[in-house]
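Each chain, written out:
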Amino acid sequence: MSDEKKNTAVDLKNLKAGGFIKERGKDLFTVRLRVPGGRMPVARLKRIAEVAEKYGQGMVHLSVRQSVELININFKDFDAVVAELGEGTQKVASCGARVRVPTACGGCEYNPNGLVDTQKSALEVDEKLFGTPTGHHKFKVGFAGCPFDCPKSATNDVGFQGAIWPVLEKDDCIGCGLCDKSCTEDAIAMDEDGKPRLIPDNCLYCGDCVKVCPTGAWQAEKKGYTVRIGGKWGRRPLVGTLFAEFLPEERVVDFIAAVLEWYKEKAEGQGRVRLGDVIRAEGPDALLARLRERFPGFVVDATIPPQAIATQIGKER
């Protein structure tokens, strides 16, 4: 083995797990950088550009999961790249059978549709759970701030979507009808007394009625995350299904940890298997029961297994 390989701080047996992904070119790798929630300071972005110009032929790739990837990096430059990025002890992104960097939309900071602070949630998950080994396969988490669901939360192993349950204080209502006009789901109807009425079965928890109400008659009785579990993409995609509603933002990390614990236990001895496939084999009731013990009042009474999509030449299994 050459001195270059002996002296590198990177574990060559575990490169992919540490965010170093082998490319087609000899000795060339992609270095995946952590960008939790898809946001980074401009100063760091400038530093990444400088390193890409110096070591990666002046090109980066923006991954579909909001990561920045340095491409065409020679393995002998790993230490220099890590050092010049200011990553300290190699704090790059991860691959392999572990919790990945969470994705998120802008949430409620500046997006008028946002209902919850998705950026805060993504950073908390990144800090406390990023890189946690699953023992089986990758584990992806995504946060959407509202029912528009730009991050496609249902395609994650655990996906979160901002939600509000509205309630009307009739005495404060002036009967202007703005809530009825703004509701695109026909979840509000005007009664004979000129006051609005909620039709619960049609409500998507978007909170538009709360936002548009000029008197504050509509209020958020409950706010938090709708949670779908078991999604994935790839050769055999699955859409995650509903497991919890109005989960408080401060309980997100504990909820994910509980799902991980169940996943590790039920997938024991099955090798490379995703969470959604385990749920389909075990049935969703097993996971619901486990979660209900720790999160009563938020876990739904019943759900269906993650749903298969026949995207590959019309076949599913």
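Use the structure listed above.
Quick notes on the rules
As a convention, each chain's residues are numbered from 1 in the sequence order in which they are written. Confidence filtering applies because this is a predicted model: local features only for residues at pLDDT of at least 70, side-chain atom pairs given and counted only at 80 or more, and all residues used for totals across whole chains, interfaces and linings. Hydrogens and water molecules were not included; the side-chain quantities draw on all heavy atoms of the structure. Burial here depends on accessible area, computed with a 1.4 Å probe over protein chains only, as a share of the maximum for the residue type. Under 20% is buried, over 50% is exposed, and the range in between is partly exposed. Secondary structure counts use DSSP, requiring at least four H or I residues in a row for a helix and at least two E residues in a row for a strand, with both numbered from the N terminus. In this scheme, strands are said to pair when DSSP sees at least two bridges between them. The definition of a right-handed crossover adopted here requires that, viewed with the strands pointing away, the path from the first strand over the helix to the second runs clockwise. Axis definition: a line fit to C-alpha positions, over the contact stretch in the case of helices; interaxial angles, taken between N-to-C directions, run 0 to 180 degrees. Oblique is the label for any angle not covered by the other classes, which are roughly parallel (under 35 degrees), roughly antiparallel (over 145) and roughly perpendicular (65 to 115). Two helices crossing with the near one rotated counterclockwise from the far one by less than a right angle form a left-handed crossing, whereas a clockwise rotation gives a right-handed crossing. Here, two residues are considered to be in contact whenever any of their heavy atoms come within 4.5 Å of each other. Basically, the charged four are Asp, Glu, Lys and Arg, the nonpolar ten are Ala, Val, Leu, Ile, Met, Phe, Trp, Tyr, Cys and Pro, and anything else, Gly included, counts as polar. For Phe, Tyr and Trp, where Trp contributes only its six-membered ring, two rings pair if their centres lie within 6.5 Å, and the inter-plane angle classes them as stacked under 30 degrees, edge-to-face over 60, or tilted in between. Cavities and pockets were defined on a 1 Å grid built over protein atoms only: a cavity is a set of grid points that admits a 1.4 Å probe from which the probe cannot escape, a pocket is an open set flanked by protein on both sides within 12 Å along at least five of seven lines, and lining residues are those with an atom within 4 Å of any such point. Grid points are joined across faces, edges and corners, and a volume is the space filled by probe spheres set on the points. Working rule for helices: expected span equals 1.5 Å times residues minus one. Throughout, the arc means the angular range of directions from the helix axis out to the C-beta atoms. Nine residue types can take part in a nonpolar core, namely buried Ala, Val, Leu, Ile, Met, Phe, Trp, Tyr and Cys, and a core is a set of them joined through side-chain atoms within 4.5 Å. Any Lys or Arg side-chain nitrogen located within 4 Å of an Asp or Glu carboxyl oxygen qualifies as a salt bridge.

A. The pairing of strand 6 (residues 141-144), seen in detail. What you see with strand 6 is no split at all: Val141 and Phe143 on one side and Gly142 and Ala144 on the other are buried throughout. When strand 5 (residues 103-104) meets strand 6, the two strands line up parallel, connected through two bridges. Bridge pairing links threonine 103 to glycine 142 in strand 6. One crossover worth recording links strand 5 to the parallel strand 6 by way of helix 4 (residues 118-129), and it is left-handed. Sheet topology places strand 6 next to strand 7 (residues 158-168); four bridges connect them, and they run parallel. Paired with valine 141 across the two strands is valine 158, which belongs to strand 7.

B. Spatial organisation of the packing of helix 7 (residues 252-266) against helix 8 (residues 275-282). Running from amino to carboxyl end, helix 7 crosses helix 8 at an angle of 70°, the nearest separation of the two axes being 10 Å. On the basis of their axis angle, the class for helix 7 and helix 8 is roughly perpendicular. In this structure, the crossing between helix 7 and helix 8 has a hand that is left-handed. The residues of helix 8 that touch helix 7, namely those facing Val259, Trp262, Tyr263 and Lys266, are Leu275, Val278, Ile279 and Glu282. The class makeup of the residues in the contact of helix 7 with helix 8 is six nonpolar, no polar and two charged.

C. Here's a closer look at the sheet that holds strand 12 (residues 241-247). As summarised here, the arrangement of the five strands in space is 5-6-7-10-12, forming an open sheet in which the pairing is mixed. Either end of the sheet is taken by a strand with one partner, and the two such strands are strand 5 and strand 12. By the bridge criterion, four bridges tie strand 10 (residues 218-229) to strand 12 in an arrangement that is antiparallel. Of the residues in strand 12, the one forming a bridge with valine 227 is alanine 244. On the sheet, helix 7 packs against strand 6, strand 7, strand 10 and strand 12 and is oriented at approximately 130° with respect to strand 7. Here helix 9 (residues 284-294) sits on the sheet and contacts strand 10 and strand 12; the angle it forms with strand 12, its principal contact strand, is near 20°.

D. Molecular detail of the packing of aromatic side chains. Applying the stated criterion to the full structure yields nine aromatic pairs. Here the aromatic rings of phenylalanine 29 and phenylalanine 78 are separated by 5.1 Å at their centres, their planes lie at 80°, and the arrangement is edge-to-face. Here phenylalanine 78 lies in helix 3 (residues 78-84) and phenylalanine 29 lies in strand 2 (residues 28-33), a separation of 49 residues in the sequence. Across the pair, exposure class does not vary: phenylalanine 29 and phenylalanine 78 are buried alike.

E. Empty space enclosed by the protein, seen in detail. If you walk through the whole model with that rule in mind, you get two cavities of 30 Å³ or more. Here the largest cavity is characterised by a volume of approximately 120 Å³. Cys183, Ala187, Cys203, Cys206 and Cys209 are, among the 15 residues lining the largest cavity, the residues nearest its centre. Going through the elements one at a time, strand 7 and helix 6 (208-212) are the ones with two or more residues in the lining of the largest cavity. Taken together, the residues of the lining of the largest cavity break down into 10 nonpolar, three polar and two charged. Of the pockets and cavities examined, the second largest cavity occupies roughly 70 Å³. Here the residues of the lining of the second largest cavity are counted per class, giving 11 nonpolar, three polar and no charged.

F. Here's a closer look at helix 4. With 12 residues, helix 4 should reach 16 Å at 1.5 Å per residue; the first-to-last C-alpha distance of 16 Å fits that figure. Residues of helix 4 that are buried include every one of Thr118, Gln119, Ser121, Ala122, Val125, Asp126 and Leu129, and no others. Around the axis of helix 4, the buried residues are gathered within 165° of arc, so they sit on the same side. Set apart from the buried face of helix 4 by more than 90 degrees, the exposed residues are Lys120 and Glu127.

G. Molecular detail of the nonpolar core. Ranked by internal contacts, the top residues of the largest apolar core, which has 37 residues, are Phe139, Phe160, Ile229, Phe255, Ile256 and Leu291. With nine residues, the single largest contributor to this core is helix 7. Counting residues in hydrophobic clusters, the runner-up holds 17 residues, among them Phe29, Val31, Leu70 and Ile73.

H. The packing of helix 4 against helix 7, seen in detail. Where helix 4 contacts helix 7, the axes come no closer than 9 Å and their chain directions differ by 50°. Compared by their axis directions, helix 4 and helix 7 come out oblique. Crossing handedness for the pair helix 4 and helix 7: right-handed. For the pair formed by helix 4 and helix 7, the contact residues are Ser121, Glu124, Val125, Lys128 and Leu129 on the first element and Val252, Val253, Ile256 and Ala257 on the second.

I. The pattern of salt bridges, seen in detail. According to the stated counting rule, one finds 17 salt bridges in the structure shown. A salt bridge links aspartate 126 to arginine 34; the nearest nitrogen and oxygen atoms lie 2.6 Å apart. A residue pair is termed long-range when its members are at least 10 positions apart, and aspartate 126 in helix 4 and arginine 34 in the loop between strand 2 and helix 2 (42-55) qualify at 92 residues. For aspartate 277, the salt bridge identified is with lysine 232, shortest N-O distance 2.7 Å. Of this pair, aspartate 277 sits in helix 8 while lysine 232 is found in the loop between strand 10 and strand 11 (238-239), placing the two residues 45 residues apart along the sequence.

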